[in-house]
Amino acid sequence: MLLASIRTTLLNGCRRAGGGIQNNNGVQLRHWLARRGQSTITAEAGAPSSPSAVVNVPNSATNRIVGRWLLGCSGLVVGAIVLGGVTRLTESGLSMVDWHLVREMKPPQSQAEWEAEFSKYQQFPEFKIMNHNMTLPEFKFIFYMEWGHRMWGRLVGLAYILPTVYFWRKGYFTRSMKGKVLGLCGFVFFQGLLGWYMVKSGLEEKPESHDIPRVSQYRLSAHLGSALLLYCASLWTGLTQLLPTHKKLAETKRLMQLRRFAKGTGGLVFLTALSGAFVAGLDAGLVYNSFPKMGEQWVPDDLLAFSPTLKNFFENPTTVQFDHRIFAISSLTAITGLYLFSRRMVLPRRAKLAISLLTAMAYGQVALGISTLLLYVPTPLAAIHQSGSVALLSLAIWVLAELRKMPK
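It should be emphasised that the depicted structure is a prediction, and the values quoted were computed from it without experimental measurement. (Residues numbered from 1 in each chain as written. Predicted model: local features only at pLDDT ≥ 70, side-chain atom pairs only at ≥ 80, totals over all residues. Heavy atoms only, no water.)

## Quick look at the packing of aromatic side chains
Then, number 1: Tallying each qualifying case throughout the model produces 22 aromatic pairs.
Then, number 2: An angle of 55° between the planes, with centres 5.7 Å apart, marks the rings of Phe-278 and Phe-314 as tilted. You can see Phe-278 sitting in helix H8 (residues 253-281) and its partner Phe-314 sitting in helix H9 (residues 312-315), a full 36 residues away along the chain.
Then, number 3: Classification of Phe-278 by relative accessible area gives buried; the value is 13%.
Then, number 4: What makes Phe-314 partly exposed here is its relative accessible area of 31%. (Phe/Tyr/Trp six-rings, centres within 6.5 Å; stacked < 30°, edge-to-face > 60°. Helix = DSSP H or I, 4+ residues; strand = E, 2+ residues; numbered from the N terminus. Buried < 20%, exposed > 50% of the residue type's maximum accessible area, 1.4 Å probe, protein only.)

This is how it looks when you write it as C-alpha cells:
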C-alpha cells in the first residue's frame, strides 16, 4: 500500500507540472547550451598551450599587424622614389654600368677596384660626351648615389618578401589577402628589372644623336609609374586593414557623388605625378623658366613643333612642360572643388581632416613647383617637389580610404 501511494503521488505531481515543463523546457535547454558553450570557449582561450586549443586567424589583431607592415613597406617605397629622384637630379644613374643581384652589393674597396670600375664607366657615352674631365673622387660620388639607390631597392624587396613568407606560414592572410601580397611581391621583382631596363637605355651608343646621354623618358616614366602603383597598392591595402569603416556614413546620393569626385581627383593627381617623370627625363624644367606665361606667351610657338603631332606630347620638352602645368592646375582646381563640395556635407571627423590636409598640400605643392621652375630647378628644391607629389598622392588615397563603402 505504501509503494502504491508513493507512485500515485508522483504521477499526480508530474501531471500538474507537465504543462510548465513543456513550456519552459526549450528555453531552459537553450540557456544551458549557451552557458555550456561559453564555458567551453573560455576554457579553450584560457589554455593556449593545450594541443586542442582553438586559435582563429586571421583576426583583428593580425589584421593590424599586416596593415602596419604594409604601411612600413609603402614608406620604404617612398624612400626609393625620393632617392631615385635625387639620383636623376645629380645625374648619377648611369655610373654603374653592370647589374648583378648579389655581387654588386659590395662596392669597390681598394684603389685598384675603384680604378677598374672607373675604367668601365669611361667606355660609355656619358663619360665620353659629358664627363670626360671627371676625376676619380667625382666618380665615387655619383657611383655611391646609384649604389645607394640600388641597395635601397633590395631592402624594399626583402621587406616585402620575408614577412610575406612568415605571415603566410602563421596563417595571417585571408584568401583575398594572399593574392594581394603575392601581387605586391611580384611587382617588386618587376620593378627591379624595369629599373635596369631603364638604365640600359642611357648606356647605348647613339651615333646619330648629339644630345647629352640620358635614359629614355618612356622607360623612366614606366619605372616611376610602376613605383607609384606599388606604393598606392601597398598604402591602400594597409589603410583598409587599419582604418575601420565609418558605420554612421550613410549611403546617400551626395556621398556617392563625393566618392566619385574623390576617385577622379586621385586619378588626376597620379597623372600629374607621372607627367613629372617626362619633365625629368627630358630636362623640360629648364626650357621656359617663367610663370604663368611660358616666355612672353601663354601658348609657346614651338608647342607642336615635332611631326607627327602625337610625338610632341612625349618627346618635345616644351609640350611636356606645358602638359605638366595643365595637369598641375587641373589637380589644384579639382582638389579645391572637392574641398568645397565636402564642406556642405556631414562627414566623420577623420574624413574632413583628410580632405583639408589634401587641399593644403595641393597649394603647397603648386608653390613648390613654381619656385622650382623660377629658380632653374635647383636639386634640393626639385627633390622636395618630387617628394611633395608623393605626399599629395598619399593624402588622396587616405581620403578614398575614409570614404570607402562598408563591406557587406
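## Some remarks on a nonpolar patch on the surface
Then, number 1: On the surface, a nonpolar cluster with roughly 610 Å² of combined accessible area is contributed by Trp-99, Leu-101, Val-102, Met-105, Phe-189 and Leu-193.
Then, number 2: Mapped onto the secondary structure, Leu-193 falls in helix H6 (residues 175-203). (Patch = residues over 30% accessible without salt bridge, like charges linked within 9 Å, V, L, I, M, F, W, Y side chains within 5 Å. Areas by Shrake-Rupley, 256 points an atom, 1.4 Å probe, with all protein chains shown as cover. Salt bridge = Lys/Arg side-chain N within 4 Å of Asp/Glu carboxyl O.)

## Looking at the nonpolar core
Then, number 1: Counting 56 residues, the largest nonpolar core has Trp-69, Tyr-160, Leu-228, Leu-347, Leu-358 and Leu-403 as its most contacted members.
Then, number 2: For this core, the secondary-structure elements that each account for two or more residues are helix H2 (60-89), helix H5 (136-170), H6, helix H7 (217-242), H8, helix H10 (317-343), helix H11 (349-374) and helix H12 (379-403).
Then, number 3: Looking at this core element by element, the count peaks at 10 residues for H12.
Then, number 4: Within the second largest apolar cluster, 10 residues are counted, among which are Met-96, Phe-118, Phe-139 and Phe-143. (Core = buried A, V, L, I, M, F, W, Y, C linked by side-chain atoms within 4.5 Å.)

## Section: the pattern of salt bridges
Then, number 1: Scanning the entire structure with this criterion turns up 8 salt bridges.
Then, number 2: The partner of Glu-117 in a salt bridge is Lys-120, and the shortest N-O contact between them spans 3.6 Å. Of this pair, Glu-117 and Lys-120 both sit in helix H3 (residues 111-121), 3 residues apart, which is roughly one turn of that helix.
Then, number 3: Residues Glu-402 and Arg-350 are paired through a salt bridge, measuring 2.7 Å at the closest nitrogen-oxygen approach. In this pair, Glu-402 sits in helix H12 while Arg-350 sits in helix H11, placing the two residues 52 residues apart along the sequence.
Then, number 4: Residue classification places Glu-402 among the buried residues on the basis of a relative accessible area of 2%.
Then, number 5: A relative accessible area of 27% means that Arg-350 is categorised as partly exposed.
Then, number 6: Among the ionic contacts, a cluster of salt bridges with common partners joins Arg-88, Arg-214 and Asp-283.

## Quick word on the packing of H6 against H7
Then, number 1: Packing of H6 against H7 leaves a shortest axis separation of 9 Å and a crossing angle of 160°. Considered as vectors, H6 and H7 are oriented roughly antiparallel to each other. Considering only the axes of H6 and H7, their crossing is left-handed.
Then, number 2: The residue makeup of the contact of H6 with H7, split by class, is 14 nonpolar, 8 polar and 3 charged. (Axes fitted to C-alpha atoms, helices over the stretch in contact; angles between N-to-C directions. Parallel < 35°, antiparallel > 145°, perpendicular 65-115°, else oblique. Left-handed = near helix turned anticlockwise from the far one by under 90°. Nonpolar A, V, L, I, M, F, W, Y, C, P; charged D, E, K, R; others polar.)

## Digging into the environment of Thr-272
Then, number 1: Counting through the fold element by element, Thr-272 comes out in helix H8.
Then, number 2: Once residues lying within four places of it in the same chain are set aside, the contact partners of Thr-272 are His-324, Phe-327, Ala-328 and Ser-331. (Contact = heavy atoms within 4.5 Å.)

## Thoughts on H11
Then, number 1: The end-to-end C-alpha distance of H11 is 38 Å, a good match for the 38 Å that 26 residues give at a rise of 1.5 Å each.
Then, number 2: Along H11, the residues that are buried comprise Ala-351, Ala-354, Ile-355, Leu-358, Thr-359, Ala-362, Gln-365, Gly-369, Thr-372 and Leu-373.
Then, number 3: In this structure, the buried residues of H11 make contact with H10 and H12.
Then, number 4: Directly beyond the C-terminal end of H11, a positive phi value near 65° is found at Tyr-376. (Expected span 1.5 Å × (residues − 1).)

## Re the environment of Val-299
Then, number 1: With respect to the helices, strands and loops of the structure, Val-299 is situated in the loop between H8 and H9.
Then, number 2: Taking C-alpha positions, Val-299 is 9.8 Å from Thr-318, a pair spaced 19 residues apart along the chain.

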